[in-house]
Number of protein chains: 4
Amino acid sequence: MRKIIVGVMGPGKNATANDLQNAYTLGQLIAKQGWILLTGGRNLGVMDTVSKGAKSAEGLTIGILPSDNQDSISSWVDIAIFTDMGNARNNINVLTSDVVIACGMGAGTASEIALALKGSKPVILLTNDEESKVFFKKLSPENVYIVESVDQAIATAKTILY
Amino acid sequence: MRKIIVGVMGPGKNATANDLQNAYTLGQLIAKQGWILLTGGRNLGVMDTVSKGAKSAEGLTIGILPSDNQDSISSWVDIAIFTDMGNARNNINVLTSDVVIACGMGAGTASEIALALKGSKPVILLTNDEESKVFFKKLSPENVYIVESVDQAIATAKTILY
Amino acid sequence: MRKIIVGVMGPGKNATANDLQNAYTLGQLIAKQGWILLTGGRNLGVMDTVSKGAKSAEGLTIGILPSDNQDSISSWVDIAIFTDMGNARNNINVLTSDVVIACGMGAGTASEIALALKGSKPVILLTNDEESKVFFKKLSPENVYIVESVDQAIATAKTILY
Amino acid sequence: MRKIIVGVMGPGKNATANDLQNAYTLGQLIAKQGWILLTGGRNLGVMDTVSKGAKSAEGLTIGILPSDNQDSISSWVDIAIFTDMGNARNNINVLTSDVVIACGMGAGTASEIALALKGSKPVILLTNDEESKVFFKKLSPENVYIVESVDQAIATAKTILY
């Protein structure tokens, strides 16, 4: 009965043009599946763009904010959860997601992947950062899925979820 | 553009029959206003009953769970946020709510009222516990609203929100 | 083998002169017992003064900070734990204390008392706020201890701890 | 005036014999420097062994526990901070440490390294896991220090701290 929630994690700052393009399409496809999109909720980078993509396809978007107020919230977030707990909220992001998709790479994203794996959550990696793929796949061969495209990310998520 | 979220806090165990009756009607009326209902998400007491009421009126319900899994989740929660942070999640409950309604009284509920007041959030008290009303009204005269009925709670929430 | 930790909670702002006088003496007596003092760690009000008192008697002081940095830390804190989780750190304050002493009253203090009672921790109330004593004693008759002086607070803590 | 805190992070389960040997010596040397040791506080793996090492040299040890009680606490922890927030406490571990030393590798350890780097904390890596060194060094060249021995870890920590 509960709705499926797919988390998309990625850099706020330092997202590449490719990451942002992937993020927008991911958002659209997640919405089209009828899944709820979860992000870190801020108004920059992958968080912002994937939420915008989901809204363009009339999806529902949740943002788990590090702050206690609306100052840095993405305009594309429907439901804002204010945690006021900084990066510790990254653990909530992954525990709440039925599947985690990492779109791009950075320190925050790496922490979310690692916390997800610590909690035995499946993680789909969509990034050009080769070193991260090698590292995380070795860290948790059974829960890390490496994909090369947005379509493959969605197909992999379906395999995990159904 | 973001949706309005109204949090209803109340005892899990030790809710009175009157608290539960109020909770069910509160859930219905919150849903009818088009507001999202937020609770602590567990399958007991006020949390469970207010969510059931909201679903009976086709509302959307969010549960902020203290745990990391679905073991004790209310069946009437649409969107489950898993925090794995026990009662510290009470702070998220109140920071995320545009208005907090306390329906009944207990230690957990008291902590949510106090955290809300600490964060300068408006709190509406609907309870037969007279000592709590005296205490909290003195603690924060400007942010505590004492009401005698569910209808008055909703009317007060409207005054605060609009 | 683990050291005994006594938490002293009280207003940061709005502490009365009497609260601060009690706080200083409490800090001294806690240190003289060989107990570690735990506070919210900031450089104001009861937190600051009780830590100063403990250091005057060569005690060890822990501060559980709401922030992620040293900007507002009390000079009398030996060990600073940076949580970056705002008032949600109040739950850590009480879970970590073997006994909680509330010295004065305010919204933050009330949240700590309520969270302590939710976690079945003993709480000693030392305050002139009569309404809070009536409310909390009714909320949890078995875990709330009302005292009239610093000496009585320490004597009560001993009874609970040993 | 505040004491220096050095955090040592490493696997609870799946620590190698080499990790544990390093952990014990690290604990001893940290204590001999007069630094406080901070760990995740549980009674297994690197957390437990490094604390034992520190106590063998009469150091002071802090454990930041994921739980709300003493069930799984290391016997070598002097000061136990009970967070009841699961792996979200990993962020407190790193924010509270002046320097973070990773001794070994695993999902929890990787999350702590990533959270430390997100918070611009210096991280010293002491592990045979080559992929992690490549990944994290690329992620944050300025804050990641790769060392080959316990002695080198301590020397590097000194350079960072003084």
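Residues numbered from 1 in each chain as written. Chains lettered and ligands numbered in written order. Predicted model: local features only at pLDDT ≥ 70, side-chain atom pairs only at ≥ 80, totals over all residues. Heavy atoms only, no water.

Going by what an unreviewed UniProt entry lists, chain A is known as Rossmann fold nucleotide-binding protein and is assigned to Nostoc flagelliforme CCNUN1.

**Q** Teacher, can you tell me more about the sheet that holds strand 7 (residues 144–146) of chain D here?
**A** Strand pairs in the sheet, formed through backbone hydrogen bonds, run parallel or antiparallel to each other. All names here are of chain D. On the basis of which strands lie adjacent, the open sheet formed by 7 strands has the order 4-3-2-1-5-6-7 and parallel pairing. Here the strands that pair on one side only, and so sit at the sheet edges, are strand 4 (79–82) and strand 7. Strand-to-strand twist across the sheet, computed as the mean angle between neighbouring axes with direction ignored, equals 25 degrees. In the sheet, strand 3 (residues 61–65) pairs with strand 4 via 4 bridges, with the strands oriented parallel. Each bridged residue has a counterpart across the sheet, and for Ile64 the counterpart in strand 4 is Ile81. Contacts between helix 1 (residues 17–32) and the sheet are confined to strand 1 (5–9), strand 2 (36–39), strand 5 (99–103) and strand 6 (123–126), with strand 5 contributing the most and set at about 155 degrees to the helix. Packing of helix 2 (residues 45–56) onto the sheet brings it into contact with strand 1, strand 2, strand 3 and strand 5, and relative to strand 2 it is tilted by some 165 degrees. (Pairing = 2+ DSSP bridges. Helix = DSSP H or I, 4+ residues; strand = E, 2+ residues; numbered from the N terminus. Axes fitted to C-alpha atoms, helices over the stretch in contact; angles between N-to-C directions. Contact = heavy atoms within 4.5 Å.)

**Q** Can you walk me through the pattern of salt bridges in this structure?
**A** Oppositely charged side chains can form a pair if their charged atoms are brought close together. Scanning all chains against the criterion turns up 16 salt bridges over all chains. A salt bridge links Asp129 of chain A to Lys138 of chain D; the nearest nitrogen and oxygen atoms lie 3.1 Å apart. Taken as a pair, Asp129 of chain A in the loop between strand 6 (123–126) and helix 5 (130–139) and Lys138 of chain D in helix 5 (residues 130–139) lie in two separate chains rather than in one. Residue Lys138 of chain D is classed as partly exposed on the basis of its relative accessible area of 44%. In this structure, a network of salt bridges that share partners links the residues Asp129 and Glu131 of chain A together with Lys138 of chain D. (Salt bridge = Lys/Arg side-chain N within 4 Å of Asp/Glu carboxyl O. Buried < 20%, exposed > 50% of the residue type's maximum accessible area, 1.4 Å probe, protein only.)

**Q** Honestly, the packing of helix 1 (residues 17–32) of chain A against helix 6 (residues 150–161) of chain A in this entry has me stumped. Any pointers?
**A** For any two helices packed against each other, the geometry comes down to the angle between their axes and how far apart the axes lie. All names here are of chain A. It is at 9 Å that the axes of helix 1 and helix 6 come closest, and there the two elements cross at 40 degrees. Between helix 1 and helix 6 the crossing geometry is right-handed. Along its contact with helix 1, which presents Asn22, Thr25, Leu26, Leu29 and Ile30, the element helix 6 presents Val150, Asp151, Ala153 and Ile154. Classifying every residue of the contact of helix 1 with helix 6 gives 6 nonpolar, 2 polar and 1 charged. (Left-handed = near helix turned anticlockwise from the far one by under 90°. Nonpolar A, V, L, I, M, F, W, Y, C, P; charged D, E, K, R; others polar.)

**Q** I keep staring at the interface of chain D and chain A and nothing clicks. Help me out?
**A** Put simply, an interface is often sized by how much accessible area is lost when its parts join up. Of the residues lining the interface, 23 residues belong to chain D; the matching set on chain A comes to 23 residues. Both sides together, the interface formed by chain D and chain A hides about 1900 Å², and carbon and sulfur atoms give 74% of it. Contact with chain A buries surface across chain D, with Asn87, Lys118 and Phe135 of chain D losing the most and accounting together for 28% of the total. Applying the counting criterion to the chain D and chain A interface returns 4 salt bridges. Our count for the contact surface shared by chain D and chain A stands at 4 residue pairs in polar contact (both at pLDDT 80 or more). Of all the secondary-structure elements, those providing two or more residues to the side of chain D that touches chain A are helix 3 (89–96), helix 4 (107–118) and helix 5 of chain D. Sort the elements by how many residues they give to the side of chain D that touches chain A and helix 4 of chain D lands first, with 8 residues. The residue makeup of the side of chain D that touches chain A, split by class, is 12 nonpolar, 7 polar and 4 charged. (Buried area = accessible area lost by both parts, 1.4 Å probe. Polar contact = N/O pair within 3.5 Å; in protein donor to acceptor, adjacent residues only side chain to side chain.)

**Q** I'm lost on the packing of aromatic side chains in this one. Help?
**A** Working definition: an aromatic ring pair is given by the centre-to-centre distance plus the angle between the planes. Per the counting criterion, the structure on display carries 14 aromatic pairs over all chains. Consider the rings of Phe135 of chain B and Phe135 of chain C, whose centres lie 5.5 Å apart with planes at 20 degrees: the pair is stacked. Linking Phe135 of chain B in helix 5 (residues 130–139) with Phe135 of chain C in helix 5 (residues 130–139), this pair reaches from one chain into another. Both residues of the pair, Phe135 of chain B and Phe135 of chain C, count as buried. On the basis of an interplanar angle of 65 degrees and a centroid distance of 5.4 Å, the ring pair of Phe136 of chain B and Phe135 of chain C is categorised as edge-to-face. (Phe/Tyr/Trp six-rings, centres within 6.5 Å; stacked < 30°, edge-to-face > 60°.)

**Q** Sorry, what's going on with the sheet that holds strand 1 (residues 5–9) of chain C here?
**A** Residues and elements named next belong to chain C. Pairing is parallel across the open sheet formed by 7 strands, whose spatial order is 4-3-2-1-5-6-7. Among the strands making up the open sheet, the edge pair consists of strand 4 (79–82) and strand 7 (144–146). Between one strand axis and the next, the sheet turns through 25 degrees on average, direction left out of account. Where helix 6 (residues 150–161) meets the sheet, it contacts strand 1, strand 5 (99–103), strand 6 (123–126) and strand 7, and its direction lies at approximately 175 degrees from that of strand 6.

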